[in-house]
Amino acid sequence: MSDRTARLEYTRSTLEEAPASKTSQYDAADPDAVHRSIEDHLESRLETDRLDSRASSDAGPAGIRSERSRSAGTGDDTDGGESGTDRRISAVLESDSIGSRSFEYKPRGPHGAMIIMIGLLAAFPTIFTSLLLSAFGYYLYRTERGGEIPLRRWETVDTLVADAAGDRDHESGNSGSSTVEAIAAAESFVGVDTDRLVDLPWAHRKAIVMQVEQWATEATKDVAPRNDDDVFFEYLKMWINRSASADREKVDSLQAEIVRDPAARRRFTDRLLEDSPDLEADPNDHAELLTVLDVDD
């Protein structure tokens, strides 16, 4: 994944596109104090969710990340104060499994691809054997079966904290009396449940990993879907490492980066829920999550 999705670069308009958002202002407040208070609220919620979660492990995107960045339009590059600094907090909270979505995959794709290659290599002793092996391998490779992708839903809260008074107070030396503004957005992120992924047969599991990699690329780079005929060598490479733990780490890593970018997160969720009308993307009332803005100013 690129560094673009690793950083918290969302803006106010991005947060306002969420299903639920809220803006609060704090008069005569310290931006750092507001930031810490919101972060403490989220940490407490995350710890409660982990204690109540039925997940068998702590793997996945759940967690809290905080970052600071210079506000756009502030021409002052000095460190003479906190004016012009935005504070972002991205919280991914645990939730429960939500079932599975169906997809078509090649259960013997790796086997067929390998037999095709063996058939081509066997062309020197006898072309007849080569043709038989290649035809059999092609049959196995093209055979598809309906499978399921185990899904899990996480609740997310993204917060942007900024000094609403701007440079005026900073220039007058009255930074302690500024007005702090915070906007929070709450929504759901649907990804692959890696707790259940590791229990699947290796060809099934590898097909899901390959699909997640493609969807992640589409979500972060906004590229067109890949043609299914272009993945022959991907099936060959599946033989190199059939470790379930490696597949889990790969999916967890991809999803941990996607979830930090609200726009990419929404595209990824839409792809996972595509053609699955029985699975709801946002069934919850997120108003309760937005109470993180109810801090003492």
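Please refer to the structure higher up on the page.
Below is a summary of the structure that appears in this document. (Residues numbered from 1 in each chain as written. Predicted model: local features only at pLDDT ≥ 70, side-chain atom pairs only at ≥ 80, totals over all residues. Heavy atoms only, no water.)

Considering the overall build of the protein
Right, so step 1: Helix and strand content of the protein: eleven helices and six strands.
Right, so step 2: For the protein, the proportion of contacts with a sequence separation of at least 24, taken over those separated by at least 6, is 83%. (Helix = DSSP H or I, 4+ residues; strand = E, 2+ residues; numbered from the N terminus. Contact = heavy atoms within 4.5 Å.)

Section: the environment of Pro 107
Right, so step 1: Within the element layout of this structure, Pro 107 appears in the loop between strand S4 (97-105) and helix H4 (109-121).
Right, so step 2: Taking relative accessible area as the criterion, Pro 107 reaches 11% and is therefore assigned buried.
Right, so step 3: As a C-alpha pair, Pro 107 and His 204 span 97 residues in sequence and 6.1 Å in three-dimensional space.
Right, so step 4: When residues no more than four places from it in sequence are discounted, the contact partners of Pro 107 are Thr 143, Glu 144, Arg 145 and Ala 203. (Buried < 20%, exposed > 50% of the residue type's maximum accessible area, 1.4 Å probe, protein only.)

Structural notes on the packing of aromatic side chains
Right, so step 1: One pass over the structure, following the stated rule, counts four aromatic pairs.
Right, so step 2: When the centroid spacing of 5.2 Å and the interplanar angle of 65 degrees are considered together, the rings of Trp 202 and Trp 239 count as edge-to-face. Separated by 37 residues along the polypeptide, Trp 202 in helix H8 (residues 202-221) and Trp 239 in the loop between helix H9 (232-237) and helix H10 (244-258) bring together distant segments of the chain.
Right, so step 3: Given the relative accessible area of 29%, Trp 239 is considered partly exposed.
Right, so step 4: Within the aromatic cluster, the residues linked to one another by ring pairs are Trp 154, Phe 189 and Phe 268.
Right, so step 5: For the cation-ring pair, Arg 242 lies above Trp 202, with the distance from its terminal atom to the ring centre recorded as 5.0 Å. (Phe/Tyr/Trp six-rings, centres within 6.5 Å; stacked < 30°, edge-to-face > 60°. Lys NZ or Arg CZ within 6 Å of the ring centre and 35° of its normal.)

Considerations on the pairing of strand S3 (residues 85-93)
Right, so step 1: Among the nine residues that make up S3, nine are buried, leaving the element largely enclosed by the rest of the structure.
Right, so step 2: The side-chain alternation of S3 yields two buried faces, one formed by Thr 85, Arg 87, Ile 89, Ala 91 and Leu 93 and the other by Asp 86, Arg 88, Ser 90 and Val 92.
Right, so step 3: In this sheet, S3 lies alongside strand S2 (residues 63-70) in antiparallel orientation, the contact comprising eight bridges. Within S3, the position partnered with Ser 69 by the bridge is Asp 86.
Right, so step 4: Pairing of S3 with strand S5 (residues 145-163) involves seven bridges; the strand directions are antiparallel. The partner of Arg 87 across the bridge, within S5, is Val 161. (Pairing = 2+ DSSP bridges.)

Quick word on the environment of Val 292
Right, so step 1: With respect to the helices and strands, Val 292 occurs in the segment after helix H11 (262-272).
Right, so step 2: Among the residues examined, Val 292 registers a relative accessible area of 7% and is labelled buried.
Right, so step 3: Sequence spacing of Val 292 and Val 157 is 135 residues, and the spatial spacing of their C-alpha atoms is 9.0 Å.

Describing the nonpolar core
Right, so step 1: Counting residues in hydrophobic clusters, the biggest one holds 49 residues, and the most contacted among them are Tyr 26, Val 34, Ile 38, Leu 151, Val 157, Val 192 and Phe 268.
Right, so step 2: Residues within four places of Val 157 in sequence aside, it is in contact with Leu 42, Ile 89, Ser 90, Ala 91, Leu 93, Ala 184, Ala 185, Ala 186, Leu 289 and Val 292.
Right, so step 3: One finds Tyr 141, Trp 202, Met 210 and Val 231 within the second-largest nonpolar core, a separate group that totals ten residues. (Core = buried A, V, L, I, M, F, W, Y, C linked by side-chain atoms within 4.5 Å.)

What to know about the packing of H8 against H11
Right, so step 1: Running from N to C, H8 and H11 cross one another at 140 degrees; their axes reach a closest spacing of 8 Å. As far as their axial angle goes, H11 and H8 are oblique. The handedness of the crossing between H8 and H11 is right-handed. Contact residues: H8 offers Val 212, Trp 215, Ala 216, Glu 218, Ala 219 and Thr 220, while H11 offers Ala 264, Arg 267, Phe 268, Arg 271 and Leu 272. (Axes fitted to C-alpha atoms, helices over the stretch in contact; angles between N-to-C directions. Parallel < 35°, antiparallel > 145°, perpendicular 65-115°, else oblique. Left-handed = near helix turned anticlockwise from the far one by under 90°.)

A closer look at the pattern of salt bridges
Right, so step 1: Within the structure shown, the criterion is met by 23 salt bridges.
Right, so step 2: Between Asp 158 and Arg 265 there is a salt bridge, and its shortest N-O distance comes to 2.7 Å. One end of the pair, Asp 158, is in strand S5; the other, Arg 265, is in helix H11, and 107 residues separate them in sequence. For the residue pair Asp 158 and Arg 265, the accessibility class agrees, reading buried in each case.
Right, so step 3: In this structure, the salt-bridge partner of Glu 274 is Arg 271, at a minimum N-O distance of 2.3 Å. (Salt bridge = Lys/Arg side-chain N within 4 Å of Asp/Glu carboxyl O.)

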